[in-house]
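Examination of the molecular architecture
Single-letter residue listing:
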Amino acid sequence: MSIATDVSPPAEVSPDRPAATGRTWSIVPLLTRLHFYGGILVAPLLATAALTGLLFAFTPQLDALVYDKELHVEQVGPGLPKPLSDQVAAAIAAHPGGTLAAVLPAAAPDATTRVVFSVPELGEKQHTVYVDPYTGVVRGQLTTWFGETPLMTWLDDLHTGLHLGEAGTLYSETAASWLWVLVLGGLILWCNRQWRRRAETRRTRGRVDATLFYDLKAAKGVRRTRGFHAATGIWLVVGLLFLSATGLTWSTYAGGNFSAALDQLDAGRPALDTSLTGGAAPAASAHHGEAPAAGAADPAQVDAVLHIAREHGITGPMELYPPADAASAWSVVENDNVWPVHFDKLAVDPVAGTVVHRTDYADWPLLAKLSALGIQAHMGYLFGLANQLLLAALAIGLLCVIVWGYRMWWQRRPTRGTRRAVVGPPPARGAWRRLRLPLLVAGILATAAVGWALPAFGITLLAFLILDASFGAATALRRR
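What you see is a predicted model; the values in this text were computed from it and never measured.

Notes on the overall build of the chain
If you tally the helices and strands in the chain, you get 13 helices and eight strands. The buried share of the chain, reckoned over its 480 residues, is 44%. Intrachain contacts of the chain at a sequence separation of at least 6 include 65% that bridge at least 24 residues. Surface accessibility of the chain: about 24,200 Å² in total, with carbon and sulfur atoms responsible for 64%.

Next comes the structure, spelled out in C-alpha cells:
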C-alpha cells in the first residue's frame, strides 16, 4: 500500500452497504476505496520491485567485487597504455570466433579495455574480452548483455521481469502504473485530513502538523501506525512519482506509447547518420544505449577512430562500433552517465580522417534530454553514490509504508462477538454513485484516457471493477 489511507472507515461500516444517498463533489470516499483495494492488491508487486530495485542500485559495487579481475588492471602502469589496436588484436587472439562488435577503451587508469564480439549462438547477448591496456594481457572473458556483466544482467532481469520472460515484464509495468495512482490518491487523502483538522480547531493554525513527523507519544494502535504510514509516504511522494514515471518510459506497453508520442512530437533522440553515402541510420535503444549492427571491419583502424574522436571533443567514456558494411562509417558514442552527462555521437571515416556526421546531447529535444536523465537517475548512475543511496532510501521507505499499510488493515479488524474477522473491513462501495454527474463523466473519460496510455493499469482496474461488481451482486442476492 502506498502513502496515506487517512480516511479509514470505522469497523462497524459494512463494505457491502451502499454509500449514503445525495450527490457530492467530493472524491474522497471513492479515492479511499481505490487507495485501499489498490494498495492491498498491488502492494506485493511494489514490494518486489522495491526489493529487486534495491539490489540493482548497487550493482556497480557488486560488479567491482565479483569481477575485480576482469574489470581492473593488476597494476596501473608502469608506462603508457599500448595502442588500442594492439589491445584489440590481443582480444581477437584470445577469442578468434565471432565478429568484432564494439571496443570500449579503458575509462579510468585502473580499468581494463573491453572488446565485444557478436556470437550467433548467444543471440542478443555478446562475448566480452577484458584486456589490460598496459600489458596487453587478457584479464578475463564474460558473456554480457548490452555491456552488463552476468550479475548485472541477472539482477536487471529480476527487477524488470522476475526471470519470467516477456510475461514477467508485466509485473513491473503494473507496479509502476499503479504506483503514481496510489501516491497521488494517498496525498489527496492526507491533504483532506489536514484540512478537516484545521477546520475542527483553530489551535493548529500556524503550527507544523505533527503528521509530517513521527510523534511516538501522540497515539497508539492503528492511529500510530497510520501516522507512520502517512508521514513516511508524504516524504516519499516526489521520489515515488519520479520512479513511476521513469520506469514507465521503457516498459513494454506504456513505454511503447511514450516512444510513439515522442516520435509524433519529433522529440526523440536524433539518429546518427553512419552512411558514407548520406543515408541515415536507425535510432538506437534508449535504455541500454546504442549497438549498431556489427560488420566486417579492420581492427587496426581503431587507433585512427580513437584519435579523431578525441580531436573532436569525445574525451570521456566511449564506445567504438565498427561499420556495418563498406559503405558505412565507424560510430563513436560517448557514454558518460554521471552528471554532467555526455552523450555526444560521431560517425568517423578513419580512411579519410574525417567526421561525416555528429549529434550532440546539447542539441537533443528537451523531452529526449529529460528522458535520458530520468533513466540514468532511475538506474542509480546520474549522481554516483548519492543517487544510489537515495534510491535505497526510497526502496526501504516504500517497504515500510507497505508493511504499515497491511498492519493497519489487520489492526482495524473486528474483535468482538460474532463480528470477529482476520482483517478490517474495506470502505463502503457505491461512492461513485454519489458523485455529481459532471464530475462522474469527467472521471470516466480521464480514467479511460489513462487506461489507454497505461494498458497495465487500465486492464487491472477493469478486472478489479468487474470482480468488485460481481461480489457486490452476489452479496445482494444472498441477502434477499
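A short note on the nonpolar core
The biggest cluster of nonpolar side chains holds 33 residues, and the ones touching the most others in it are Leu-46, Trp-178, Leu-240, Leu-398, Ile-402 and Phe-457. Of all elements in the fold, only α1 (28–57), α6 (169–200), α7 (222–249), α11 (385–411) and α13 (455–479) reach the threshold of two or more residues within this core. By residue number, the principal contributor to this core is α6, which donates eight residues.

Thoughts on the confidence of the model for the chain
Averaged over all residues, the pLDDT of the chain is 86; the fraction at 70 or higher stands at 88%. Note that residues 1–19 has pLDDT below 50 and, in this model, 80 contacts with residues that lie over four places away or in other chains. Across residues 280–287 the pLDDT falls below 50, and counting only partners more than four positions away or on other chains, this stretch makes 16 contacts in the model.

Comments concerning helix α9 (residues 302–311)
Buried within α9 are the following residues: Val-302, Val-305, Leu-306, Ile-308 and Ala-309. Down the axis of α9, the buried set is contained in an arc of 165°. They therefore lie on one face. Buried residues belonging to α9 abut α4 (84–94), β1 (99–104), β5 (318–321), β6 (330–334), β7 (345–349) and β8 (354–359). At the C-terminal side of α9, Gly-313 shows a positive phi close to 90°.

Some details on a nonpolar patch on the surface
Nonpolar side chains collect at one region of the surface, where Leu-265, Leu-366, Leu-367 and Leu-370 lie side by side and expose about 410 Å² of accessible area between them. Relative to the helices and strands, Leu-265 resides in the loop between α8 (253–264) and α9.

A word on helix α5 (residues 150–161)
Under the 1.5 Å per step criterion, the end-to-end length of α5 is 16 Å for twelve residues, consistent within 8% with the ideal 16 Å. Turning to α5, its buried residues are Met-152, Thr-153, Leu-155, Asp-156, Leu-158, His-159 and Gly-161. Next to the buried residues of α5 lie α1, α2 (59–66), α6 and α10 (366–378).

Some words on the pattern of salt bridges
Within this structure, the stated rule accounts for one salt bridge. Across the pair Arg-358 and Asp-360 runs a salt bridge whose closest N-O atoms are separated by 2.9 Å. Taking relative accessible area as the criterion, Arg-358 reaches 32% and is therefore assigned partly exposed.

A short note on the packing of aromatic side chains
Summed over all chains, the structure comprises twelve aromatic pairs. Ring centres of Trp-145 and Phe-146 lie 5.2 Å apart, and the angle between their planes is 85°; on these two criteria the pair is classed as edge-to-face. In this structure Trp-145 comes out as buried when scored by relative accessible area, which is 18%. Seen from their ring centres, Trp-339 and Phe-383 are 6.4 Å apart, and the 50° between their planes marks the pair as tilted. Taken as a pair, Trp-339 in the loop between β6 and β7 and Phe-383 in the loop between α10 and α11 lie far apart in primary sequence, 44 residues in all. For Phe-383, a relative accessible area of 47% translates into the label partly exposed. Ring pairing ties together the aromatic residues Phe-36, Tyr-37, Tyr-406, Trp-409 and Phe-464, which thus form one cluster. Against the face of Tyr-361 rests Lys-369, its NZ or CZ located 5.6 Å from the ring centre. Taking the ring centre of Trp-410 as reference, the NZ or CZ of Arg-413 above it sits at 3.8 Å.

What counts and how
- Residues numbered from 1 in each chain as written.
- Predicted model: local features only at pLDDT ≥ 70, side-chain atom pairs only at ≥ 80, totals over all residues.
- Heavy atoms only, no water.
- Helix = DSSP H or I, 4+ residues; strand = E, 2+ residues; numbered from the N terminus.
- Buried < 20%, exposed > 50% of the residue type's maximum accessible area, 1.4 Å probe, protein only.
- Contact = heavy atoms within 4.5 Å.
- Areas by Shrake-Rupley, 256 points an atom, 1.4 Å probe, with all protein chains shown as cover.
- Core = buried A, V, L, I, M, F, W, Y, C linked by side-chain atoms within 4.5 Å.
- pLDDT = per-residue confidence, 0-100.
- Arc of directions from axis to C-beta.
- Patch = residues over 30% accessible without salt bridge, like charges linked within 9 Å, V, L, I, M, F, W, Y side chains within 5 Å.
- Salt bridge = Lys/Arg side-chain N within 4 Å of Asp/Glu carboxyl O.
- Expected span 1.5 Å × (residues − 1).
- Phe/Tyr/Trp six-rings, centres within 6.5 Å; stacked < 30°, edge-to-face > 60°.
- Lys NZ or Arg CZ within 6 Å of the ring centre and 35° of its normal.

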